[in-house]
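Here are the chains, one letter per residue:
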There are 2 protein chains.
Amino acid sequence: MTVKHIVLIKLKAGADGERLMKQIEALKDAIPQVQSVQLGVGFSPARDKGFTHGLAMTFKNREDLQIYNVAEAHVNLVKNDLVPVADDLLVFDYDIVEF
Amino acid sequence: MTVKHIVLIKLKAGADGERLMKQIEALKDAIPQVQSVQLGVGFSPARDKGFTHGLAMTFKNREDLQIYNVAEAHVNLVKNDLVPVADDLLVFDYDIVEF
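The structure displayed is predicted, hence computed values, not measured ones. (Residues numbered from 1 in each chain as written. Chains lettered and ligands numbered in written order. Predicted model: local features only at pLDDT ≥ 70, side-chain atom pairs only at ≥ 80, totals over all residues. Heavy atoms only, no water.)

Asks: Would you mind going over the overall build of chain A with me for this structure?
Replies: Within chain A, the regular secondary structure consists of 3 helices and 4 strands. For a compact globule of 99 residues, the expected C-alpha radius of gyration is about 13 Å, and chain A comes in at 13 Å, within 12% of that figure. Counting only C-alpha atoms and orienting by the principal axes, one finds that chain A spans roughly 35 × 35 × 15 Å. Among the 99 residues that make up chain A, the fraction classed as buried is 46%. Considering only contacts in chain A between residues 6 or more positions apart, those separated by 24 or more positions represent 74%. Both charge centroids of chain A, one from 11 positive and one from 14 negative side chains, sit 4 Å from each other. (Helix = DSSP H or I, 4+ residues; strand = E, 2+ residues; numbered from the N terminus. Rg over C-alpha atoms; globule rule 2.2 N^0.38 Å. Buried < 20%, exposed > 50% of the residue type's maximum accessible area, 1.4 Å probe, protein only. Contact = heavy atoms within 4.5 Å. Lys, Arg positive; Asp, Glu negative; His and termini not counted. Charge placed at Lys NZ, Arg CZ, Asp CG, Glu CD.)

Asks: Quick question: what am I supposed to make of the packing of aromatic side chains here?
Replies: What characterises a pair of aromatic rings is the spacing of the ring centres plus the angle enclosed by the ring planes. Under the definition given, this model contains 4 aromatic pairs over all chains. On the basis of an interplanar angle of 50° and a centroid distance of 5.0 Å, the ring pair of F59 of chain B and Y68 of chain B is categorised as tilted. Taking relative accessible area as the criterion, Y68 of chain B reaches 2% and is therefore assigned buried. One residue, R62 of chain A, lies across the ring of F43 of chain B, its end atom 3.8 Å from the ring centre. (Phe/Tyr/Trp six-rings, centres within 6.5 Å; stacked < 30°, edge-to-face > 60°. Lys NZ or Arg CZ within 6 Å of the ring centre and 35° of its normal.)

Asks: Explanation requested: helix α1 (residues 17-30) of chain B in the structure shown.
Replies: Helical periodicity: at 3.6 residues per turn, an α-helix aligns residues three or four positions apart in one direction. All names here are of chain B. Helix length check: α1, at 14 residues, gives a terminal C-alpha distance of 20 Å against a target of 20 Å (1.5 Å per residue), a fit within 8%. Considered for burial, the residues of α1 that qualify are G17, L20, M21, I24 and L27. On an axial view of α1, the arc spanned by its buried residues comes to 100°, and they lie on one face. In the core, the buried residues of α1 are packed alongside β1 (3-11), β2 (36-41), β3 (53-59), α2 (62-70) and α3 (72-82). Structurally, the start of α1 carries an N-cap: the backbone nitrogen of E18 is 3.3 Å from a side-chain oxygen of D16. (Expected span 1.5 Å × (residues − 1). Arc of directions from axis to C-beta. Polar contact = N/O pair within 3.5 Å; in protein donor to acceptor, adjacent residues only side chain to side chain.)

Asks: Even after reading the chapter, I still don't get α2 of chain B, so can you show me in this structure?
Replies: Residues and elements named next belong to chain B. Listing the buried residues of α2 in full gives D64, L65 and Y68. What you see down the axis of α2 is that its buried residues fit within an arc of 100°, all on one side. Turned more than 90 degrees away from the buried face of α2 sit E63 and V70, all of them exposed. Contacts from the buried residues of α2 go to β1, α1, β3, α3 and β4 (86-95).

In structure tokens form, the structure reads like this:
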């Protein structure tokens, strides 16, 4: 079942969000399990709980998401490029249901 | 520019999540500006801040999202079917960037 992987990021003041988004987008080329990635800067602050940047990825199934989660390119990006510039993170994964 | 509309819901204990998801999915038929909707139940509790259900919608642009936001079918669903069963809500909207 197709999996959606949503990540919301609260970027630290002064951090380079465009650089970070380009790095995340490049994971699609580095890790073949990533089917798609769509990123952007939030524009509805009323109910976003302070998150500034968001992304939605799709994977074929939970196994592919797990391969991505432990892939070196992803682990290194999170450690070196994401966590240092993020004040807060939210990750939400779900199997896309069909009714 | 295509817009992503992400909603995360923390459902009250005992509430009928499947019924709610079916109602939200039906908005796609009721409101033509909704290009797609993908819903599901979260399975990665470590970093989801307690949210239990999520959805990602796409719209052609911000104008279509705004039409959706004020559409009667959507407003009624939020008021009558979503807010009464939700302990918390997060909404994150962004223009999908292309690098």
